[in-house]
Each structure stands twice: as structure tokens, then as C-alpha cells.
Amino acid sequence: SHSLRPRARPSWCRVQRENLAMAPSEDDIKICIEKLRDEDLWMEATEELTEMTGDKDDEETRLAVAREDACPWLGRILATFIELRFGDDAPGSPKRSSLDKRSSVDAIDEDGNNDDDVRSDGALSMMSSEARMQELEQVVINTLQCLINLSRSKKNRKEIADAGCVAPACTLLDLTLRREIHDRAVMLLINCCTGPIQYTGPVHDIVEDSEGVQKLVEMIKLGPDHPTAHRAVQVLSLVSVDPEIKDIFRDKCMGGFEALRAMLERPGGGLFLKHAALTVNHLCDENVPNKIAFMESGGVPAMMRLMGRPPDDPLTAIALDAVTILAEDNDEVDEAVAVTGVLPRVVEMISNPENPKLTQAAVTAVMHMARDYKDAKRMLTSAGVISKLKRIIDECAIEESPESVHLAQMCVSSLTNIAIDTEYWGQAELAEENVLTNVRSVFQSAPAESKMAQVCVAFVYAYTAGNSDNGWTVREAGLLPVVAFHHLRGRDKKTRESKEALVSLGAAVDDDEESQDLIASLFGETVLRECLKVGAAKGTYVPLENRDEKTRAREKQTLSEVCKIAGQAMNGADFAAKAKKAYEDRKAKFTQDIFDAEAALERKLVEQLAAREKELKEAENARRELRRAQADAANSRADAKKEINEAKAARFEYDAALRALNAKQGTLIKEKEEARRMIDEKIETYRSESDKLRNMIGVYEETAAEASGDAKKEIERKIKTAKTAMGEYDKRLKPGGCNIVKGLEAQIAELEKRLKDPAIDSLTELVKEKEEIWKIEQAEADEAERVLKEKEQAEAWARANAEREEREAKEKKEREEKEKRRLAKEKNKKKKKKKKKKE
């Protein structure tokens, strides 16, 4: 193989060895980086840069090297090696990088340099491919070490990523390469992936796109004793927070969870164990398929075994977080966690004096494990978790420490989850431990619409649903007004918190009449009905809506009043006191109203007695008036009947005279009309025939214009004949032109003359006389009928008046009796209530 050409001047490394105290100058750095342009000087340049940046305490030199754009050239070295070893399509190769995005070296080329500036006299390029690969491997090792040194400075990590060095590093994770290469590539990724997510996020994306996850998993498969696997799992612990990488690990990395399980199962300790546990937590966090995959790989017992370490061991905190992560958002892994027997140890971590910082993580784990799995609830309770949660709630100071409030919220949520049990076991356990007293202390002082208020409302529902005994304890603890406060506070806006509080209130008062009476008294029956509808068990009796307008108005006023109080109250305790005072004020006012009403009733009874006598007297007068109206109507009815009969007789005489006149005139008039009809028919016939001939002539004339010879003569003859006939008809249509018409007109004149006969005139005069008589008699009959109608109407009015007076008197009497019964019933009811309260 060919060797690199001899150095023309002493290298910086040789000078540095001669004087260890000398730091590289800016010119030294520029000269060294300039060598990177020459492939044959890559070995020398990378060795010098590694020496320059090797001092961990020399931050200034590392930053200066990065400022001189060393990273893009170092990235070119890695890309060149990848292209020779893996081909053009490998992640990190120059071709692949140009397809993904332009590298920083391209940016350098735009500043005035081009690819021709990468000098070579052919020494390196003239080597055989095997010799060149061996030489390049050492160059790559130096390059990776230099990048590792540079990445110790946080400011340089973004420069390294932007220079395109991460994708080649992912490709160099290949286990077929020399160990020095893939181990240094892992170390470079560790440094570049460490830091805030806004800087490391792009690095995660490159690892994902460059198939780095798959290569890292192959590394951890080397086993828990292999150092390379230890470094690889550290990188996975950093990049596994990325959602896409979580899915890649599950879908494209066969045996990944099994490899992690093997690391977790390794006896003893080590930093790799922490990284393996963190990787599991990151992969499973907010990713249910990964949780199930980890469980199916058998990794849950290995992870839970870490809880056996001392409380101050960092692995204990990681394992405690794993309990929460695995149980969150699903119920399939709960049993796998619980059967490991880790839950009592979780309870030990609550308020543990050796490491109090674990309390919040332990309570969070309890909260999630107690949500669904029945056996987990019992394990936690048997381990004494309830007493510890109670102690934390008691120590909560809502106005002082937000941290203690948040911790108490999770404690209440844990108790809520324990209470939710199909066999009511959880409710009984909580009642036996008297947790309601502890919850009350934070519930009463919880501000409206706060998280603490929400979890306490949920606790009340879980504690009382289907359990009237627990509902009784809630009432005795004075929490019903507090729950109602959180409903009424957001009732007008219909907030979610308000609706949840209404459901909890319904569950708390279900099957407890005294609790229902308390709600109805303090807040009105409207709230009681609504809470029973949404929160009580199926089949619970819900009071019907009162139809009485006054009662409904009073309920509406009560509801408006308590809503206003709730809006002004600071918390549930403040509201409960104000609501009770408002109830007492309403009660006192109601008592005074009853007293005033009874006094008014006594006065009213006296007035009603006088009014009744007056009503009876008015009824008697109405009956007397009715009898008088009935007599007048009877007289008018007889007079009307007489007048109607006389009018009928006059009408009969008039009709007889009219019939005689009509009989005399009827024949003459009929003959006259018949003659007139015949005249009209003749005239119409003549006119119709004349019109037909005229139309025929028009047709003949049109035909004649086109005809010739004999045909034309024949048509002209027809036209002449038709005109002659038409002239005859037109002559008959003229007055006196037709003898038949003249004869009929003479007949009509004769008939009119006969109609003027004196006998007929005499009959006509008689008819007129009889008609006048009949009209006079009919007018008198109509007047009599009108008078009769007035009398009958007066009779009807008098009858209606008498009936109304009698009905009003009867109704008034019934109302008085009903009012007496109602008052008596109310008195009895109040006596019973007072007696019951005394008992």
C-alpha cells in the first residue's frame, strides 16, 4: 500500500509534544482545517484536531475550531467513508445527503470555494480500495473522536448537527465496522442528543430518518454485559421521548423490548440499568401499544424488581414512575403490575423519611393503579394507603402551598378511585376509615371551579353512589350545601363543573328523605328534582313539578337567591353559612306570612259571611226578576201568535186574487211570447243562411282565380246563383221584407190589444188592494215577533243571571270550605314536623 506523502513542515502535534503548555493559536487552527481540503492530509489533520480539542477544560479552543467551520469538513470525511463502504444510497453518503438537504459544505462552496479546492495529488486516491479503506477507517476514528471532543461544548452540538454529521454517525453504528468506529459514533450521538428538546429535536428526527433506532436496538441485543450495548441504551434513553421513534421501536425493531428486559434483569447495578429503565418509561409514556408490547415481552416483573432498591436510589424513582406510566390510559397492564407484589412497596414510598421527594410520584402511581383493577384496590388498602393519604390531605394548606394542594388533589383522586367498586367494598373501607372528615377539610375551603373542588365533587359521587348509609354521613358532615355551591356557582353558564356537582348531589341524597328535605328547604324543589333525575339510581321517585303558580314563583325566587349567594361566596363553607342564614330568613318570613294570612283569613271569613247573605239576596232578586220576565214573554208570545195568523189570512186572500189575474192573462201572454219566439227564429235562420252563402262565394272566388275554361265558367255560374240567393235572404231581413214575420207581428199586436180588456184591469186593482192589506198585516206580525224576541231575550238573561248568582253563591261556599280544609292540613303538617324534630 502507498503511504501518505512526507510532511513539508513540523506538525502542530509534534510542536505541542515539545511544549505541552502551548495552546493552539488561531493560525494553527486555520492551517489545520485547511489541511482537511486535501484528502492525503486527512490523517494528519484529524490527529491534530483531536489533540487540539482533547483537553476537557479548554472550552475556548473547541469553540474556536467550530467557528472555523471544521464540522462540515469532518462531516465530508464521514460521508466519503460511508459512500465507499456502504454505497451512494446509505444515510450520510454525499448523494443521500444532497437528496435530503444541502450540507454545510455546499454553503462553504457558495462563499467562493468549490469542490476543486479539495486537493489531492493522487497519493491517497491511487491506493488500492482495501488500503484506502484501512487508511480511511483510522481517519474516521480520529474524525469521530474530534467530533466527540467538540460536542462536549453545548454550543457546538447544533453546529455538528447542522453540518450533517448526525446521519453519518447513525450509519456508522453498523456492528460490522471496527468497534472503535461504532463505539465512537454512539458516544457522539450521546453528546448530540443531550440537552433541551428544542435543540435535540432535530437530532431525533435525523436518528429516526437514518435508521439509527434499528442499529441501536441491534447494539443492545449484544447483551447486558457488553459496553457497546450500555452506550446504545443511553442514546435510546435520550431519543425515545420522540413519538415517532416510539412507534419505530415497536414496529421495526424486533426483539427490542426483550433486549431491554434482559438489561433490567441483570443482577447488580450500573449506569446502563438506569438508561434501560428510562428508555422503557419513555417508550411506554402516552403509547398504549408499547405498554402492551413491553408487558407481553415479560419486562414488567424486571422493571418492578427495581422498586426493591433503597428509597434514595435513582432507580427506585424511575421504577415508581414506571408504575404510573404503565397503568395510565389503559387497564390491560394493571394486573401484570399488581401481581408482581410491588404495590405495598409503592405505599411505603409515600411520605418515606429516607426520601420524601418520592411522595408525589408514589401517590400518582396509587391514583392510577386504584382506577380499575379490583385486586389492586385491595392490595393498596391492605398496605395502609388510606391512612397515608388522609395524613397528606390533613397537611394540605390551600392558601399557602400550591405543591401541597396538588398533592392533596391526587390523594382525593386516589380515594375516589378506591371508592369506585362494583361490590361497594371500596365505599365501606373509606367509611370505616372515616376519610370524609379529611376530605371535608379541603372541600369546604376549595375555591369554585378549582381542580380541588372537581376532585372532591367526584369523590362525593363515588363515595355515595348506591350507598344511602354513606349519603347519610355526607349530610351529617355538612357537605351537601358545599356540593350544591359548586353546582349553583356555574348553573347559569351550564359549566361542566356545575353538571358534575349536580350528579354528585343526586347520588348523595338518593334514598334519604331527610337529605332531600334539606336540599328542598335550602335551595328549592327545582334543584332537588334536577339532581335526582341525573344522579339518583334508576327507579328513584322524583317529585313532580308543582303546578301552583305561587309555589312555582316562590321556588324560582329561592333558586335565584341562592345562585346569587353562590356567586358572591368565596368557597363552600362560606356559601353554606350564608345559604343557611337565607333559609332561616325565608322561614321566619314564611312564618310571619302564615300568621298574617290567618289573621286576614279570620277577617275574610266575616266578610265572606256578609257577602254570602248579599249573594243569597241577589239570587232571590234574580229569581223574582226571572218570573216577571217569563210572564211578559208569555203575553208577548200570545200577541205575536194572533198577529201572525192575521198576516197569514191577508196573504191567502192576496195569493187568490193574484192567481185569478194570472189565469186570465196567462194564455194571452203565452201566445204573445210564442209569436215573438217564432219571429226571432225566422230572422236567425235568414241571417245564418246569408252568412253561409257569403262564405261560399268567397271560396268560389278564390277557386275561380286558379281555374280556367269550363271549370271557371261553372264556378262563375255558382257564384251568380249564390249571390242571387243571398240577396233574397238580405231582403227578408229588412223590416217588412218577409210576409211570415209581418203576419206574426200583426198577431202580437192583436194579443196586446186583448190584454187591455177592462175585466183584467179590474182584477189588477183588486190584487194591488189585497197586497197592501197583506203588507200592513205582515208588518204588524213582524213587530210582534220582534217584541217577543226581546221578551224572550230578557227572560233568558234573567234566567242566566239567576243561575249565575246561584252558581257563584255555591262556588263561594265551596272555596271557603276548601280553604278551611287546606289551612287545617297545613297546621297538621307543621305540627307533625315540629313533633318529628323534637323526636
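Up top is the structure these notes are about.
Residues numbered from 1 in each chain as written. Predicted model: local features only at pLDDT ≥ 70, side-chain atom pairs only at ≥ 80, totals over all residues. Heavy atoms only, no water.

Novice: Could you clarify how one ought to interpret unusual backbone geometry in this entry?
Specialist: Peptide bonds are, in most cases, trans, and in most cases residues other than glycine have a negative phi. The backbone phi angle of E286 is positive, close to 60°, even though this residue is not glycine. Along the chain, the position of E286 falls in the loop between helix 17 (271-284) and helix 18 (288-296). Of note, K494 is a non-glycine position whose phi angle comes to about 55°, a positive value. Inspection of the secondary structure assignment puts K494 in the loop between helix 31 (480-488) and helix 32 (496-509). (Helix = DSSP H or I, 4+ residues; strand = E, 2+ residues; numbered from the N terminus.)

Novice: What should I look at first to understand empty space enclosed by the protein in this one?
Specialist: Empty space among the atoms becomes visible once a probe the size of a water molecule is rolled across them. Using the criterion set out here, one finds one cavity of 30 Å³ or more in the structure. Size it by volume and the largest cavity reaches roughly 90 Å³. Forming the boundary of the largest cavity are 13 residues, of which E449, A453, H486, E497 and S498 lie nearest the centre. Every element with two or more residues in the lining of the largest cavity is listed here: helix 29 (451-464) and helix 32. Element by element, the count of residues in the lining of the largest cavity is highest for helix 32, at four residues. (1 Å grid on protein atoms, 1.4 Å probe; cavity = no way out; pocket = protein on both sides within 12 Å on 5 of 7 lines; lining within 4 Å. Points joined across faces, edges and corners; volume = space filled by probe spheres on them.)

Novice: Is there a simple way to explain the environment of L430 in this structure?
Specialist: With respect to the helices and strands, the residue L430 is situated in helix 27 (residues 425-432). Taking C-alpha positions, L430 is 14 Å from A458, a pair spaced 28 residues apart along the chain.

Novice: Honestly, the nonpolar core in this entry has me stumped. Any pointers?
Specialist: Generally speaking, soluble globular proteins have nonpolar side chains that are buried together. Counting residues in each nonpolar core, the largest one holds 181 residues, and the members touching the most others are L172, L264, M452 and F523. Counting residues per element, this core draws most heavily on helix 8 (residues 129-151), which supplies 10 residues. Sequence-distant contacts of F523, defined by excluding residues within four places in its chain, comprise P481, A484, L488, T558, L559, V562, F575, A579 and R586. Of all hydrophobic cores here, the second largest spans eight residues; its members include L693, A704, I719 and A722. (Core = buried A, V, L, I, M, F, W, Y, C linked by side-chain atoms within 4.5 Å. Buried < 20%, exposed > 50% of the residue type's maximum accessible area, 1.4 Å probe, protein only. Contact = heavy atoms within 4.5 Å.)

Novice: Looking at this model, I keep getting lost on the environment of K35. Mind explaining?
Specialist: By the secondary structure assignment, K35 is in helix 2 (residues 26-35). A residue is classified by how much of its surface remains accessible, and K35, at 10% relative accessible area, is buried. Between the C-alpha atoms of K35 and W73, which are 38 residues apart in sequence, the distance is 10.0 Å. With residues near it in sequence (within four places) discarded, K35 still touches L41, W42, E44, A45 and E48.

Novice: So what exactly am I meant to see when it comes to the packing of aromatic side chains here?
Specialist: Any two aromatic rings considered together are summarised by their centre-to-centre distance and by the angle between their planes. All told, the structure shown has five aromatic pairs when counted by the stated rule. Summarising the aromatic geometry, the rings of F249 and F257 are spaced 5.0 Å apart at their centres and angled 75° between planes, so their arrangement reads as edge-to-face. Taking the relative accessible area as the measure of exposure, F249 reaches 1% and is therefore buried. Of the aromatic side chains, those joined through ring pairs into one cluster are F249, F257 and F294. A cation over an aromatic ring shows up here: R85 above the ring of F86, its NZ or CZ 5.7 Å from the ring centre. Cation over ring: R378 sits above W425, and NZ or CZ is 4.4 Å from the ring centre. (Phe/Tyr/Trp six-rings, centres within 6.5 Å; stacked < 30°, edge-to-face > 60°. Lys NZ or Arg CZ within 6 Å of the ring centre and 35° of its normal.)

Novice: Explanation requested: the packing of helix 14 (residues 227-239) against helix 17 in the structure shown.
Specialist: In a pair of packed helices, the angle between the axes and the distance between the axes together describe the arrangement. Here helix 14 crosses helix 17 at 35°, and the two axes come no closer than 8 Å. Judged by the twist between their axes, the crossing of helix 14 over helix 17 is left-handed. Here helix 14 contributes H230, V233, Q234, L236 and S237 to the contact with helix 17, which in turn contributes F272, H275, A276, L278, T279 and H282. Residue classes in the contact of helix 14 with helix 17 are distributed as five nonpolar, six polar and no charged. (Axes fitted to C-alpha atoms, helices over the stretch in contact; angles between N-to-C directions. Left-handed = near helix turned anticlockwise from the far one by under 90°. Nonpolar A, V, L, I, M, F, W, Y, C, P; charged D, E, K, R; others polar.)

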